[in-house]
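# Reading the structure
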Amino acid sequence: MHDHRAVRNRKNVLLTSVFGPFSRDDEFGSRSINPMELYHNQVTRAQGPFSLRMSHRSWGIQLIQHNISAPSTLLDFPTRDRYIKEISGGRHDIIGISGIIANVKKVSEMCRLARVHSPKSTVVVGGHVCAIPEINDLVDADYVVRGEGVRWMRQFLGEDAGAPIAHPALPSSFGFRLMGIPIPRGGGAPAATIVCSVGCPMGCNFCTTSAFFGGKGKVTHFYEKGAELFKVMENAEKALGVSSFFIMDENFLLYQKRALELLDCMKAGGKAWSLYVFSSANAIAKYSMRQLVELGVSWVWIGLESPNSKYNKLASVDTLQLTNELRAHGIRVHGSTIVGLEHHTPESVGCEIDYAVSHEAECHQFMLYTPVPGTELYAEIARAGRLLPDVDLADIHGQYKFNFEHPAISRDESKVLLDNAFRYDYERNGPSLYRIIRTMWNGWNRYKSDPDARVRARFIEEGRQLAKGYGATLWAMEKYLKNSNQAVSARIRKLRLDMENEFGFFSRWLDRTVGPILLWSAKREARRFPDGRPIEPRTFVDRLPGRAPALSV
């Protein structure tokens, strides 16, 4: 280990995510079933050509880069060769590598390459990979950083660890594709990501986020006041030209005082912003629908675990009633359901998947109940001697098979149940894109003439999106599913006709002109890539010059 004080005068920092490719099986732990895409990986993967395809940057290391004074380079999704090129010649005094548990072999290889090509560099490893109990034996790093990284890196560089967080302008996604066609700026309304906090106040025993950032109830808030958050969002609005924000906070609506202060600022500033938030059902229930609409909540990601589970985030809330009410007000719901909880059996889990799917959430994530290293659940299962031997860390991600002995469900059965959950949700509720448009339509009809100018402006903008192209996607989905799923095709057709009657001739013309092109492309995409096109995120290289540090006292 290096002396902590010895790095204070070093000035060049490299921050990097692990190298690609990701959408294939290889010796470094990449898996074709686990691509570097949130939605196609965990949400819409059974939806064929209608799967939502996009990638997201590595926001954690972006946040670190913008909050240190040293000259820095950030590599996001490099190839192995590009990483070697960057570290060759010893240009970087510190090489910081961030990864998740499934990518531990890549992290190990990057540490090894750093020793070969930049032997004088200090190697720092961070990210969820550090939750592995034996991580020090798996990677050749000088420092392994668990938890929040900005404070650690500032302190490591001799800077003021407690200085306010400077939030960079972060586009929410890139590389958006739909029906085989690249869509500029993410389609619809492009969004900025705002990282409010790290950690989770709920502390579910399987939650890697809660465990990694200190355990149950441990949260590091970067912005505790609504006014602070408003300023960050206003800066992103100016820098990126957006009015939609993906709020990274595990339970944003739980902190009602901050949320309502943000609402006051939005009213004072006349901001008709849209917010995509995470929240527990019991936190949402503390607000009126009017408050949520005025706050601009357009998407809400809700855990919809079994009503028979022990998790208190669902306590005393009828989630079916809640999700129906949210959709009626134009608020899209992103459900998340765990498959294979301790009380599940092959028989009962089918009923609980049916219950989850009956929420008709616009998007629905299904994950296997998985003891991930570092979590409370992992420790419990390990103590009971129920961890399965010889399961590669690259396969412990909740989208493949169990890594533990379940009381009633075998490892192979777990994959069948998970795959069936995705398939059933798609067959019963149709493509997520259709569901999104349906709920936008609900909101537009309800609020297009609202007396509040901010609310009215937001929904009028959504109406413009509906009128200019969304009907064409409905046309393509309707025709694509006409023979394979007549019930869903009929629902899509009704929505399309309702929209065409409202928006008039141009909308009908656009649907019938662009729709056939989208249908052709969707069929071609499904024929060429039945399991989804393998997509790799492009490499980003961000360089920032140094500046005078705020020295720690």
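What counts, and at which threshold
- Residues numbered from 1 in each chain as written.
- Predicted model: local features only at pLDDT ≥ 70, side-chain atom pairs only at ≥ 80, totals over all residues.
- Heavy atoms only, no water.
- Helix = DSSP H or I, 4+ residues; strand = E, 2+ residues; numbered from the N terminus.
- Rg over C-alpha atoms; globule rule 2.2 N^0.38 Å.
- Contact = heavy atoms within 4.5 Å.
- Phe/Tyr/Trp six-rings, centres within 6.5 Å; stacked < 30°, edge-to-face > 60°.
- Lys NZ or Arg CZ within 6 Å of the ring centre and 35° of its normal.
- Buried < 20%, exposed > 50% of the residue type's maximum accessible area, 1.4 Å probe, protein only.
- Salt bridge = Lys/Arg side-chain N within 4 Å of Asp/Glu carboxyl O.
- Pairing = 2+ DSSP bridges.
- Axes fitted to C-alpha atoms, helices over the stretch in contact; angles between N-to-C directions.
- Expected span 1.5 Å × (residues − 1).
- Polar contact = N/O pair within 3.5 Å; in protein donor to acceptor, adjacent residues only side chain to side chain.
- Disulfide = S-S within 2.5 Å.
- Patch = residues over 30% accessible without salt bridge, like charges linked within 9 Å, V, L, I, M, F, W, Y side chains within 5 Å.
- Areas by Shrake-Rupley, 256 points an atom, 1.4 Å probe, with all protein chains shown as cover.
- Core = buried A, V, L, I, M, F, W, Y, C linked by side-chain atoms within 4.5 Å.

### Details of the overall build of the protein
The secondary structure content of the protein amounts to 19 helices and 18 strands. Computed over its C-alpha atoms, the radius of gyration of the protein comes to 24 Å, within 12% of the 24 Å expected for a compact globule of 553 residues. A principal-axis box enclosing the C-alpha atoms of the protein has dimensions of 70 × 55 × 45 Å. For the protein, the proportion of contacts with a sequence separation of at least 24, taken over those separated by at least 6, is 74%.

### Overview of the packing of aromatic side chains
The description of an aromatic ring pair rests on the distance of the ring centres and on the angle between the ring planes. Under the definition given, this model contains 24 aromatic pairs. A cation sits over an aromatic face here: arginine 57 above phenylalanine 540, 4.1 Å from the ring centre. Its end group placed over the ring of tyrosine 434, arginine 438 keeps NZ or CZ at 6.0 Å from the ring centre.

### Some points on unusual backbone geometry
Here the amide bond leading from glycine 20 into proline 21 is cis, since omega sits at 5 degrees, within 30 degrees of zero. With respect to the element layout, proline 21 can be found in the loop between strand E1 (13-17) and helix H1 (38-42). Backbone geometry places methionine 179, a non-glycine residue, at a positive phi of 55 degrees. The topology assignment puts methionine 179 in the loop between strand E8 (174-178) and strand E9 (181-182). Classification of methionine 179 as buried rests on a relative accessible area of 1%. With a phi angle near 55 degrees, glutamate 360 is a residue other than glycine that sits in the positive phi range. Position of glutamate 360 relative to the elements: it lies in the loop between helix H13 (348-357) and strand E17 (363-368). Classification of glutamate 360 as partly exposed rests on a relative accessible area of 31%.

### So, the pattern of salt bridges
All told, the structure shown has 38 salt bridges when counted by the stated rule. Between arginine 31 and aspartate 392 there is a salt bridge, and its shortest N-O distance comes to 3.8 Å. In this pair, arginine 31 sits in the loop between E1 and H1 while aspartate 392 sits in the loop between helix H14 (376-383) and helix H15 (411-429), placing the two residues 361 residues apart along the sequence. Overlapping salt bridges bring together Glu478, Lys479, Arg493, Arg496, Glu500 and Arg512 as one network.

### Here we look at the sheet that holds strand E4 (residues 94-98)
Spatially, the 6 strands line up as an open sheet ordered E6-E5-E4-E1-E3-E18, and their pairing is mixed. Two strands in the sheet have a free side with no partner beyond their single neighbour: strand E6 (143-145) and strand E18 (540-544). Mean inter-strand twist for the sheet, computed between neighbouring axes without regard to direction, equals 15 degrees. By the bridge criterion, 3 bridges tie strand E5 (residues 122-126) to E6 in an arrangement that is parallel. When the bridges of E6 are listed, valine 125 appears paired with valine 144.

### Description of helix H17 (residues 453-481)
Between its first and last C-alpha atoms H17 spans 39 Å; for 29 residues at 1.5 Å apiece the expected length is 42 Å, and the two agree. Where H17 begins, the side chain of aspartate 452 points an oxygen toward the backbone nitrogen of arginine 454, at a separation of 2.9 Å.

### Some remarks on the state of the cysteines
The term disulfide refers to a covalent linkage connecting the sulfur atoms of a pair of cysteines. All told, the structure shown has 0 disulfides when counted by the stated rule. Free of any disulfide, cysteine 196 has its nearest neighbouring cysteine sulfur in cysteine 265, separated by 13 Å. The cysteine cysteine 200 is free of any disulfide, with cysteine 207 supplying the nearest cysteine sulfur at 4.9 Å. Overall, cysteine 200 belongs to the buried group, its relative accessible area being 7%.

### Considerations on a nonpolar patch on the surface
A grouping of Phe505, Phe506 and Trp509 is seen on the molecular surface, where their side chains present a nonpolar patch of about 380 Å² in accessible area. Turning to its location among the elements, tryptophan 509 is positioned in helix H19 (residues 505-528).

### Concerning the nonpolar core
Counting 103 residues, the largest nonpolar core has Phe252, Leu275 and Leu326 as its most contacted members. At 10 residues, the largest contribution of residues to this core is made by H17. Contact partners of leucine 326, with chain neighbours within four places excluded, come to Ile284, Met289, Leu292, Val300, Ile302, Ile331 and Val333. In terms of nonpolar packing, the next biggest core, distinct from the first, is built from 36 residues, Ile84, Ile87, Val129 and Ala131 among them.

### A closer look at the sheet that holds E17
Whether parallel or antiparallel, the strands of a sheet pair through hydrogen bonds between backbone atoms. Judged by pairing direction, the sheet is mixed, and its 7 strands sit side by side in the order E7-E10-E13-E14-E15-E16-E17 without closing on themselves. Each having just a single partner strand, strand E7 (170-171) and E17 make up the two edges of the open sheet. Strand direction decides the pairing type here: strand E16 (residues 332-339) and E17, joined by 6 bridges, are parallel. Bridge assignment links glycine 335 to a residue of E17, and that residue is histidine 364. Contacting E16 and E17, H15 runs over the sheet at an angle of about 175 degrees to E17.

### So, the environment of phenylalanine 459
With respect to the secondary-structure elements, phenylalanine 459 resides in helix H17. Judged by its relative accessible area of 1%, phenylalanine 459 falls in the buried class. With residues near it in sequence (within four places) discarded, phenylalanine 459 still touches Val293, His329, Gly443, Trp444 and Tyr447.

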